[in-house]
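Residues per chain, in single letters:
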Amino acid sequence: MDSRHGKVRMNVEGDRLSTLPDDLIHKILFFLGIRYAVQTSVLSPRWRYIWTTMPCLDFSSEDLHYRRFFKFVTRFLSGRNNQTKVHCVKLAFHEKDGHLFVERVLEFAFSNNVKRLNITCLYETENVGFLQGFLQRSYETPLSVYNSQSLENLTLSFTYSYTYRSYITIPPTWYMPALTTLNLLCVVLNAGKTTEKYDSLFWNCANLKNLTLKGCRIMDGSEYLNICHHGLSNLTLGNGLGGVNVVTPQLKNLTIRNWPGIHLISAPNLASLHYKDDDYGRLLKVSTDLLHLQKADICILQHSGSLQSLFSGLRLQPYIHNIVFLLQQLRSVKFLTLNLELVKLLSSSVELISDQPSPFTDLKSLKIYPADITIPEVTLSTEVKNFLLDSSQGATFTLVSHEEVRAVRNVASAENLMRKLQVLLDKWKENSEINTTDMEQDKAPMESQTATMHEQVEVENERAFPDTKIKWHFGDRMTHIESYWEGLNEQYEKGYENTGHTISMLREIKVILTKLPASHRDKLEGRFSGLCVEAETIMDNVMDCMKIKCGKTPNRSNVSSHELVTSPQRSS
Amino acid sequence: MSYSKTIVLTNYDGETFVVDEVVAVEPQTIEHMIEDGCANTSIPLPNVTSKILSKVIEHCKKHVETPNSNEKAAKADLKSFDFDFVKADQGTLFDLILAMNYLNIKELLDLIYQTVADMIKGKTPEEEEEMRRVNAWVFSCFVGVTCLYFKSKKM
């Protein structure tokens, strides 16, 4: 032990980590996790107080039991150096944790003029009785009562459960003049019974630029949610329920995914629109001129098996009429992307568009792609094509084929698999390196032990050394051998498992690669063969390692995964 | 044309690197220097060794050359490049942290911090000791504290 300490002391100058400036160490501690960060205080005087001045606090990575976590956080906050600023606070809690705790952290964050705040309420998977559904408690987030001059970025993420839900009263009473980004996930918005027509959400956040609402619901009894803001430039609405009116004179980018009942009342500066609707919901209603629209991506998907399609005769006509109306509102768009299913819908009632002039006067490019490749391909009818392209002669028209979409998806999945395999191989390599060094270390003491034993036996013979020492060595060696066998067994199982996993992944990638058209495959082939070679080397090494351990001479296997590399080329 | 304009970087050892301007402005620090007109002859980077500077330039080149598109393939390629990039020995990694921090290249820094944090977490006590080379006697003063060191020692 002593010698090791000596060695360590000699190399104190070599501690690069401790010589880094505090702000860089804080960054590393942030990635280390808050509990580890505090634990580093025992390392040396240099590290003792570093955690107390961390500017970014993440209380979300811990899976501690509530009481212990509460205690930890309380002690952490009281142990912190109050002179230093906090920039961001991230907190995740279970809803049963009690709001006292949340309020404690919020109070801390706001009193420290935090700039970024991220609060997540974790999902509880508890059984909920039938009756409890009726006893739902609504809880107003404590945030509504806070004011902050400094907060710039706020994310609130909640979950629904039968017994509990969080809501925000609209308009909230908070006053946050610096807030630029607000993300609300799964929050119930209590719009109340706002009588004034456009009395709006977030009016007291004058600098808000980016707003995201995902999975939000408008509380029962409320009429509409009004999003009226003079400075808002990016708005994302996804998977929500309830009518929304949007009045935003500065809006540049609007993204809507599966949120029926949105009414775009005013957005004169809109430059880009992404709209996706998977169902026959209430289609986006646009009642304003979008004169500056550059890019529009519209995807309206009809699920062939859905109930609505049974009533298609009754409901389809007005629906398609609405689609045509929506397209007409996008008349100044330059780059338009549509999905093939939408175009197919238009083709099914040509009479609606045949006498209409083409709305797009300034189109530069039109792209049509299939969103659902299980639906058989359809040819584009001339009426639809004329409707889309007649008024702008110079537009380029691209029709993405099913094969292309399939190829792109296959490329993505092949790449994904390769990435996973790379991770697996890297881990395995690292482990096997550790194991080999272990093995060398294992061997070394065994040899030295036998050597010392020999010596000692000789010594004993000569000088009659006390035999207790030999006994001690003997017992030690037994346990050593035992643990060695255990380690061997473990390594054997691990090797077997990893080899199987690697080979099956390689096969899977190979199958995908054979499906790809040659142009796409060429790009991936190099990487794939590299992976094959790497896998082969590692598997060989591990095998050799095992063989050495079993006392056999290593014998490199000639079965190579090169076969896997060459075969896809042959098959095309 | 602005593309063909080159910038001369002089490093710690006095070596000079001639780089296209588009590559050189990738680090914010250099961009600001050029904007402020401090880059007429050459930009001195006294804190950076030639080994690290060439690595940084390699990184900037890759990020400039990769088209700024939404293409998944290009993004994935860049990501795997970055992952390979941080697979360096600890000495290089610490030099990189200092250099990247000085040059203000944010996106890669986060990845390096994560890598160092993983190193600290994933190391056995001996390895960590080796890596940090701190005075081991400190540990004996804090027996009983639930710390990284003792926790991992049990494993």
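Residues numbered from 1 in each chain as written. Chains lettered and ligands numbered in written order. Predicted model: local features only at pLDDT ≥ 70, side-chain atom pairs only at ≥ 80, totals over all residues. Heavy atoms only, no water.

To keep it simple, the criterion reads: UniProt positions are given in the numbering used here, feature names are shortened, and annotations may be inferred rather than shown by experiment.
Per an unreviewed UniProt entry, the recorded name for chain B is SKP1-like protein, and the organism is Helianthus annuus. Under the UniProt heading Subunit (unreviewed entry), the note attached to chain B is "Part of a SCF (SKP1-cullin-F-box) protein ligase complex."

Per an unreviewed UniProt entry, the recorded name for chain A is Putative F-box domain, Leucine-rich repeat domain, L domain-like protein, and the organism is Helianthus annuus.

### Here's the deal with the overall build of chain B
Going by this rule: Where helices and strands are cited, they refer to DSSP runs of H or I of at least four residues and of E of at least two residues respectively, numbered from the N terminus. For the exposure calls, accessible area comes from a 1.4 Å probe over protein chains only, and a residue counts as buried if that area is under 20% of its type's maximum, exposed if over 50%, partly exposed in between. Note on areas: Shrake-Rupley with a 1.4 Å probe; residue coverage comes only from the protein chains shown.
Summing up its helical and strand segments, chain B has nine helices and three strands in all. Listed N to C, the secondary structure of chain B is β-β-α-α-β-α-α-α-α-α-α-α in terms of helices and strands. Across the 155 residues in chain B, those meeting the buried criterion constitute 43%. Summing over all exposed atoms, chain B offers an accessible surface of approximately 8500 Å²; the carbon and sulfur share of this is 53%.

### A short note on the pairing of strand 15 (residues 262-266) of chain A
All names here are of chain A. Note the following rule: Only when DSSP finds a minimum of two bridges between them are two strands counted as paired.
As paired elements, strand 13 (residues 244-247) and strand 15 share four bridges and run parallel to each other. The residue of strand 15 that forms the bridge with Val 247 is Ser 266. As defined by bridge partners, strand 15 adjoins strand 17 (residues 285-286) across two bridges and the pair is classed as parallel. Note that in strand 17 the partner of His 263 across the bridge is Lys 285.

### As for a negative patch on the surface
Residue and element names in this part refer to chain A. What counts here: The residues that make up patches have over 30% relative accessible area and no salt bridge, and they are joined within 9 Å when like-charged or within 5 Å when they are Val, Leu, Ile, Met, Phe, Trp or Tyr. Salt bridge criterion: a side-chain nitrogen from Lys or Arg within 4 Å of a carboxyl oxygen from Asp or Glu. Charged residues are defined narrowly, with Lys and Arg counted positive, Asp and Glu counted negative, and His plus the chain ends left uncounted. Where a charge sits is defined by one atom per residue type, namely NZ (Lys), CZ (Arg), CG (Asp) or CD (Glu).
Side chains of Glu 482, Glu 486, Glu 490, Glu 493 and Glu 497 sit close together on the surface and give a patch of like negative charge. Following the sequence through the fold, Glu 497 ends up in helix 14 (residues 468-515). The class of Glu 497 is exposed, set by a relative accessible area of 54%.

### Digging into the nonpolar core
Going by this rule: The criterion is simple. A nonpolar core is a set of buried Ala, Val, Leu, Ile, Met, Phe, Trp, Tyr and Cys residues joined through side-chain atoms within 4.5 Å. Every residue pair with non-hydrogen atoms within 4.5 Å of one another is taken to be in contact.
In this structure, A:Phe59, A:Leu213, A:Leu338 and B:Leu9 are the most contacted members of the largest nonpolar core, which totals 145 residues. The element best represented in this core is helix 6 (residues 106-122) of chain B, accounting for nine residues. In contact with A:Leu213, not counting residues within four places along its chain, are A:Leu184, A:Leu189, A:Leu225, A:Ile227, A:Thr236, A:Leu237, A:Gly238 and A:Trp259. Counting 23 residues, the second-largest nonpolar core is a separate cluster that includes A:Leu421, A:Ile509, A:Leu524 and A:Leu531.

### Section: empty space enclosed by the protein
Residue and element names in this part refer to chain B. Test applied: Detection works on a 1 Å grid of protein atoms alone, calling trapped sets that fit a 1.4 Å probe cavities and calling open sets with protein on both sides within 12 Å along at least five of seven lines pockets, with lining residues defined by an atom within 4 Å of a point. Grid points are joined across faces, edges and corners, and a volume is the space filled by probe spheres set on the points. Throughout this entry, Asp, Glu, Lys and Arg are counted as charged residues, while Ala, Val, Leu, Ile, Met, Phe, Trp, Tyr, Cys and Pro are counted as nonpolar. The remaining residues, Gly among them, count as polar.
Enumeration according to the criterion identifies six cavities of 30 Å³ or more in this entry. There is about 60 Å³ of room inside the second largest cavity. If you trace the second largest cavity, you find it lined by Leu 9, Val 23, Ala 24, Pro 27, Ile 30, Leu 45, Leu 53, Val 56, Ile 57, Cys 60 and Leu 103. Sort the elements by how many residues they give to the lining of the second largest cavity and helix 3 (residues 50-65) lands first, with four residues. Of the residues contributing to the lining of the second largest cavity, the split by class is eleven nonpolar, no polar and no charged.

### Brief notes about the UniProt feature "domain: F-box" (unreviewed entry) in chain A
UniProt feature "domain: F-box" (unreviewed entry): in the numbering of this structure it lies at residues 17-56 of chain A. Structurally, residues 17-56 of chain A is divided into 60% helix and 2% strand, and its ends, taken at the C-alpha atoms, are 19 Å apart.

### A look at the packing of aromatic side chains
Put simply, the rule reads: Ring pairs are drawn from Phe, Tyr and Trp, using the six-membered ring of Trp, whenever the two centres fall within 6.5 Å, and their geometry is named by plane angle: stacked under 30 degrees, edge-to-face over 60, tilted for the rest.
Scanning the model with the defined rule gives seven aromatic pairs over all chains in all. A centroid spacing of 5.7 Å and a plane angle of 80 degrees characterise the contact between A:Phe30 and A:Phe31, whose relative ring orientation is edge-to-face. With 5.9 Å between their ring centres and 35 degrees between their planes, B:Phe81 and B:Phe85 make a pair best called tilted. With B:Phe81 and B:Phe85 both in helix 4 (residues 72-85) and four residues apart, this pair spans about one turn of that helix. Residues B:Phe81 and B:Phe85 agree in their burial class; the two are buried. Here a set of aromatic residues connected by ring pairs shows up, and it is made of A:Trp51, A:Phe59, A:Phe72 and A:Phe76.

### Some remarks on the packing of helix 3 of chain B against helix 5 (residues 90-103) of chain B
Residue and element names in this part refer to chain B. The line we're drawing: For every element, the axis is a line fit to its C-alpha atoms; helices are fit only across the contacting stretch, and the angle between N-to-C directions ranges from 0 to 180 degrees. Should the near helix be turned anticlockwise from the far one by less than a right angle, the crossing is left-handed, and should it be turned clockwise, the crossing is right-handed.
Between helix 3 and helix 5, the least distance of the axes is 10 Å, while the angle of their chain directions is 65 degrees. At the point where helix 3 passes helix 5, the crossing takes the right-handed sense. Residues Lys 51, Ile 52, Lys 55, Val 56 and His 59 of helix 3 form the contact with helix 5, whose participating residues are Thr 92, Asp 95, Leu 96, Ala 99, Met 100 and Leu 103. When the residues that make up the contact of helix 3 with helix 5 are grouped by side-chain class, the tally is six nonpolar, two polar and three charged.

### Topic: the side chain of A:His229
Residues and elements named next belong to chain A. Stated precisely, the cut-off is as follows: What qualifies as a polar contact is a pair of N or O atoms within 3.5 Å, subject to a donor-acceptor requirement within protein and to the restriction that residues adjacent in sequence count only when both atoms come from side chains.
Mapped onto the elements of the fold, His 229 is located in the loop between strand 11 (225-228) and strand 12 (234-238). Engagement of the side chain of His 229 in a polar contact is seen with the backbone nitrogen of Gly 231, the distance being 3.0 Å. Of note is the side chain of His 229, whose polar atom sits 3.2 Å from the backbone nitrogen of Leu 232.

### Section: helix 15 (residues 518-549) of chain A
Here is the rule we go by: To estimate how far a helix should reach, multiply one less than its number of residues by 1.5 Å. Each residue is assigned a bend, namely the angle between axes fitted to the seven residues that terminate at it and the seven residues that start at it.
The terminal C-alpha atoms of helix 15 of chain A lie 45 Å apart, and with 32 residues this matches the ideal 46 Å at 1.5 Å per residue to within 8%. The axis of helix 15 of chain A is deflected most strongly, by about 40 degrees, at A:Leu524.

### Topic: the sheet that holds strand 2 (residues 16-20) of chain B
Sheets are built from strands paired through backbone hydrogen bonds, the pairs being either parallel or antiparallel. Residue and element names in this part refer to chain B. Read across the open sheet, the three strands follow the order 2-1-3; overall the sheet is mixed. Two strands close off the open sheet at either side, each with one partner strand: strand 2 and strand 3 (43-45). Along the sheet, successive strands turn relative to each other by an average axial angle of 30 degrees, direction set aside. With three bridges joining them, strand 1 (residues 6-11) and strand 3 adopt parallel strand pairing. Of the residues in strand 3, the one forming a bridge with Asn 11 is Leu 45. Sheet strands in contact with helix 2 (residues 28-35) are strand 1 and strand 3, and its direction is about 145 degrees off that of strand 3.

### Description of the pattern of salt bridges
Residue and element names in this part refer to chain A. For the structure shown, the criterion picks out four salt bridges over all chains. The shortest N-O distance in the salt bridge between Arg 331 and Asp 289 comes to 3.2 Å. On the criterion of sequence distance, the pair formed by Arg 331 in the loop between helix 9 (312-329) and strand 19 (335-339) and Asp 289 in the loop between strand 17 and strand 18 (295-300) is long-range, its members being 42 residues apart. Judged by its relative accessible area of 42%, Asp 289 is partly exposed. Its salt-bridge partner being Glu 403, residue Arg 406 comes within 3.9 Å of it at the nearest N-O pair. With Arg 406 and Glu 403 both in helix 13 (residues 402-463), this residue pair falls three residues apart, about one helical turn.

### Quick word on the pairing of strand 13 of chain A
Residue and element names in this part refer to chain A. The two faces of strand 13 match: Val 244 and Val 246 on one face and Asn 245 and Val 247 on the other face are all buried. The pairing of strand 11 with strand 13 spans four bridges and is parallel. What sits directly across from Leu 225, in strand 13, is Val 244.

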